[in-house]
Amino acid sequence: MTAELLDLAQTPLRDINAALQAQARGGNRTRWEIANPRGSHALAVGLDAPIEVTIRGSTGYYCGGMNKQATVRIAGSAGPGVAENMMSGRVIVDGDASQYAGATGRGGLLVVNGNAASRCGISMKGIDIVVRGNIGHSSAFMAQKGNLVVLGDAGEGLGDSIYEARLFVRGTVSSLGADCTEKEMRPEHLALLDRLLKDAGMDDARPDQFRRYGSARTLYNFNIDNASAY
Amino acid sequence: MCGIVGLFAKDKRLEPQLGALLSDMLITMSDRGPDSAGVAVYGHGHDGRAKITLQNGDPDADLDALVAALRHATGETIAATRRGTHAVLELGAGAVNAARRILIDRFAEWRVMSTGGAIEIYKEVGLPARVVEAFDVPGMTGTHGIGHTRMATESAVTTHGAHPFSTGADECLVHNGSLSNHNNIRRDLARKGLTFETENDSEVAAAYLTDRMNDGADLGQALECALRDLDGFFTFVVGTRDGFGVLRDPIACKPAVMAETDRFVAFGSEYRALVDLPGIEGARVWEPEPATVYFWRH
């Protein structure tokens, strides 16, 4: 089946998003292409149907935000907040992602084939994020649930004030944030990582090349010895 | 918010289009800051000559009388070009300081926007589309240029609170963000003899870089010092006669995208600002790293 073409040079952004969002109410058009994104904001947001959307070019703020079920592929780079608060489905970025990619995501898979900038996966709550390149500083800040996989390096303050998310990094980590610590890689983690890497199409990476980081759980309860610091 | 754009031509054939390209980039960023807008354009100067860009909000202000008075007092031949509320005077480089004193003493209603061999600054309250049209920025030729559209946070919405700020010959700075230690730095710089036109934090950043360069630093070194001494949020784009620099603070929450080809280096607060540049499809596009100095020279 050929894809339905939506051209931002001819059709307003709101109409394009409305056409895609309408698939949640039933429809048989499962493949869509969006031409001329030219860095537009809030493209393909709030989708809730098992459709495939390919965006031919780079996007601005919040592309694929609040996604449910849909697969959104950005054949270019993504601006700040790509796949913000995703619930399920997939968002795939062929190029780089700007700040806070996958922020607050509750489910689904975000794949970044280039680098992701600062605050990747900030406050993630169940999303899986796989980044082929590097991630910037303060990534997985206050991460609560889900998995962040980085094939490259991580910037400063990785996993600061982290709750229960799992962080896997193949390269170097500039520094770990407060209460984030390196953890043992057990068989269940290797199996999980194997599945995530395969899912994300990262066939050239092996689970045993990664190190795992997570919460030391020392911030869960107030320590009376720290009272003088407040 | 605030929107910043910058374009540095490596290929001389881009120079006649510089004003048009920069204008379109700035208009695209209008919704990041609709209060006021401005541009700095670096044109080709003439050896031994300098330009003073002036602003006067009164459309009936008598430019001829001003030029005659300056000519009489300095003995210089002075060419004057009026563009909207601004005027550019061209005179011998050696007479700039004398002319500036006369302007301050006798023609205070004409405010100095910039001085230098190449720079001209045009800025006003209003949307970018209206501002660039009022000064015919699209018709300007230049080697590099910087534009800003402002959402005011730190000082009043006035012509003088608009960016770019110029505090030294051929220097300019635009800023997205807010500084937290600008009052202390303003006091330190004022003690060293630098003067300020506004209460604006970004003017302090401009003056800080001017001071560092007056002490012998090049633009790249001055920006390294800024990382140490300026506290707060900032993405800066700065220009000198032959240089173009970019700096983001270590937290880097103010957005920035850059593109480079063998013909140009371009900066935008968002990728949207860059999409119509010639050859952008083949450009290297990247997000500048936090706390990292980027610096190009002709």
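If you're wondering where the values come from, they're calculated on a predicted model, not measured in any experiment. (Residues numbered from 1 in each chain as written. Chains lettered and ligands numbered in written order. Predicted model: local features only at pLDDT ≥ 70, side-chain atom pairs only at ≥ 80, totals over all residues. Heavy atoms only, no water.)

### Looking at helix H6 (residues 201–214) of chain B
All names here are of chain B.
- Given a rise of 1.5 Å per residue, 14 residues ought to cover 20 Å, and the 20 Å separating the end C-alpha atoms of H6 matches this to within 8%.
- Counting buried residues in H6 gives 13 out of 14 residues, a clear majority hidden from the surface.
- For H6, the capping residue at the N-terminal end is Asn200, with a side-chain oxygen 2.6 Å from the backbone nitrogen of Ser202.
- Following H6 by one or two positions, Gly216 adopts a phi angle in the positive range, close to 110°. (Helix = DSSP H or I, 4+ residues; strand = E, 2+ residues; numbered from the N terminus. Expected span 1.5 Å × (residues − 1). Buried < 20%, exposed > 50% of the residue type's maximum accessible area, 1.4 Å probe, protein only. Polar contact = N/O pair within 3.5 Å; in protein donor to acceptor, adjacent residues only side chain to side chain.)

### Details of the interface of chain B and chain A
- Taken residue by residue, the interface counts 15 residues in chain B and 13 residues in chain A.
- A combined buried area of about 980 Å² lies between chain B and chain A, and 46% of that area is made up of carbon and sulfur atoms.
- Considering only the surface of chain B that becomes buried against chain A, Tyr271, Arg272 and Glu287 of chain B emerge as the three largest contributors, covering 39% of it.
- The salt bridge involving Asp276 of chain B is made with Arg38 of chain A; its shortest N-O contact spans 3.1 Å.
- Scanning the region where chain B abuts chain A turns up 10 residue pairs in polar contact (both at pLDDT 80 or more).
- Looking at side-chain class alone, the side of chain B that touches chain A contains nine nonpolar, no polar and six charged residues. (Contact = heavy atoms within 4.5 Å. Buried area = accessible area lost by both parts, 1.4 Å probe. Salt bridge = Lys/Arg side-chain N within 4 Å of Asp/Glu carboxyl O. Nonpolar A, V, L, I, M, F, W, Y, C, P; charged D, E, K, R; others polar.)

### Here we look at empty space enclosed by the protein
All names here are of chain B.
- Throughout the structure, instances matching the rule amount to one cavity of 30 Å³ or more.
- Roughly 60 Å³ of internal volume is contained in the largest cavity.
- What lines the largest cavity is simply Phe165, Thr167, Glu171, Cys172, Leu173, Ala206, Leu209, Thr210, Met213, Val238 and Gly239.
- At four residues, the largest contribution of residues to the lining of the largest cavity is made by H6. (1 Å grid on protein atoms, 1.4 Å probe; cavity = no way out; pocket = protein on both sides within 12 Å on 5 of 7 lines; lining within 4 Å. Points joined across faces, edges and corners; volume = space filled by probe spheres on them.)

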